[in-house]
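Chain and residue survey
Each chain, letter by letter, is given below.
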Amino acid sequence: MNYASVIESPVGPITILADDEFVHVITFAEKDITGLSENALTVKVANQLNDYFKGDLKDFDFPIKQKGTEFQQEVWQNLLTIPFGETTSYAKFSAHHPLAIRAIAAANGKNNIAIVVPCHRVIGSNGKLVGYAGGLWRKQWLLQHEREVAQKGQTELKF
């Protein structure tokens, strides 16, 4: 990664890492970005994330590429098909590979492009929020935000 941007968001600071062509990381985790500057791509991502948090954007349109196995790539591509404001269960999400539910959950957990590759939209079969690298409170906030923006109802008050 040659470039970086950091934005403040309702769910804490978000770091964006990219090269000249692709975004490789969008994370809540602290990253050492000493010596890295912004470029047009990281600024575009920052602007789109800010629009997402304002409720003005549902679909992102910048190039992404993260390192992973062929299986992980397939899982991440499938995450991109979950509609904004909706959730799916791990069981339903893994229906095309029913014996691989744990591997799919593990690949989901290795997603390095938070929010944009919407791993937060996958929940437990019982409707409970499970497993989110950014913390379950962030997952809950993101899901509530998307439901409100999509006008599918507010589930809890946000403070």
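1. Focus: the overall build of the chain
Regarding its fold elements, the chain presents five helices and five strands. Written out in order from the N terminus, the α and β elements of the chain read β-β-β-α-α-β-α-α-β-α. Relative to its length of 159 residues, the chain is compact, with a C-alpha radius of gyration of 15 Å against a globular reference of 15 Å. Counting only C-alpha atoms and orienting by the principal axes, one finds that the chain spans roughly 45 × 40 × 25 Å. Across the 159 residues of the chain, 45% fall into the buried class. Sequence separation of 24 or more characterises 54% of the internal contacts of the chain that already satisfy a separation of 6 or more. Surface accessibility of the chain: about 8,600 Å² in total, with carbon and sulfur atoms responsible for 51%. Distance between charge centroids for the chain: 9 Å, based on 16 positive and 17 negative side chains.

2. Overview of the sheet that holds strand S1 (residues 3–7)
Pairing within the open sheet is antiparallel, and its three strands lie in the order S1-S2-S3. The two strands at the open ends of the sheet, each matched to only one other strand, are S1 and strand S3 (23–27). The mean inter-strand angle of the sheet, taken between neighbouring strand axes irrespective of direction, is 15°. Two elements, strand S2 (residues 14–18) and S3, share four bridges in a ladder whose sense is antiparallel. From the neighbouring strand, Thr15 faces S3, where its bridge partner is Thr27.

3. Some points on the pairing of S3
Counting buried positions along S3 yields five of five residues, so the element is predominantly enclosed. Connecting S2 to the next strand, S3, in antiparallel fashion are four residues.

4. Overview of the side chain of Asn39
Following the sequence through the fold, Asn39 ends up in the loop between S3 and helix H1 (40–54). Judged by relative accessible area, Asn39 falls into the buried class, the value being 14%.

5. Some remarks on the layout of surface pockets
With a probe scaled to a water molecule rolled over the atoms, the places where space remains empty come into view. What the largest pocket holds in volume is close to 330 Å³. Taken together, 19 residues line the largest pocket, and the ones lying closest to its centre are Thr27, Gly109, Asn111, Ala133 and Gly134. Taken as a whole, the second largest pocket spans an internal volume of roughly 150 Å³. Lining the second largest pocket, in full, are Lys58, Asp59, Phe60, Leu80, Ile82, Pro83, Phe84, Ile115, Val116, Pro118 and Arg121.

6. Some details on helix H4 (residues 101–109)
Burial in H4 covers these residues: Ile104, Ala107 and Asn108. What you see down the axis of H4 is that its buried residues fit within an arc of 105°, all on one side. Residues of H4 that are buried make contact with helix H2 (70–79), helix H3 (90–93) and strand S5 (122–123).

7. A closer look at the nonpolar core
Grouped together as the largest cluster of nonpolar side chains are 38 residues, with contacts concentrated most on Ile26, Leu49, Phe53 and Ile115. Elements with a contribution of two residues or more to this core: S2, S3, H1, H2, H3, H4 and helix H5 (136–149). Per-element accounting of this core gives the leading share, six residues, to H1. Not counting residues up to four positions away in its chain, the partners in contact with Phe53 are Ile7, Ser9, Pro10, Val11, Ile14, Ile115, Trp141, Leu142 and His145.

8. Some words on the packing of H2 against H4
For any two helices packed against each other, one specifies the inter-axial angle together with the distance between the axes. Put simply, H2 and H4 touch, their axes get as near as 9 Å, and they point 75° apart. The orientation of H2 relative to H4 falls into the category roughly perpendicular. Listed contacts from H4 to Phe71, Gln72, Val75, Trp76 and Leu79 of H2 are Ala103, Ile104, Ala107 and Asn108. Taken together, the residues that form the contact of H2 with H4 break down as seven nonpolar, two polar and no charged.

Reading the values: the criteria
Residues numbered from 1 in each chain as written. Predicted model: local features only at pLDDT ≥ 70, side-chain atom pairs only at ≥ 80, totals over all residues. Heavy atoms only, no water. Helix = DSSP H or I, 4+ residues; strand = E, 2+ residues; numbered from the N terminus. Rg over C-alpha atoms; globule rule 2.2 N^0.38 Å. Buried < 20%, exposed > 50% of the residue type's maximum accessible area, 1.4 Å probe, protein only. Contact = heavy atoms within 4.5 Å. Areas by Shrake-Rupley, 256 points an atom, 1.4 Å probe, with all protein chains shown as cover. Lys, Arg positive; Asp, Glu negative; His and termini not counted. Charge placed at Lys NZ, Arg CZ, Asp CG, Glu CD. Pairing = 2+ DSSP bridges. Axes fitted to C-alpha atoms, helices over the stretch in contact; angles between N-to-C directions. 1 Å grid on protein atoms, 1.4 Å probe; cavity = no way out; pocket = protein on both sides within 12 Å on 5 of 7 lines; lining within 4 Å. Points joined across faces, edges and corners; volume = space filled by probe spheres on them. Arc of directions from axis to C-beta. Core = buried A, V, L, I, M, F, W, Y, C linked by side-chain atoms within 4.5 Å. Parallel < 35°, antiparallel > 145°, perpendicular 65-115°, else oblique. Nonpolar A, V, L, I, M, F, W, Y, C, P; charged D, E, K, R; others polar.

As far as function goes, none of this settles anything; it's purely spatial.
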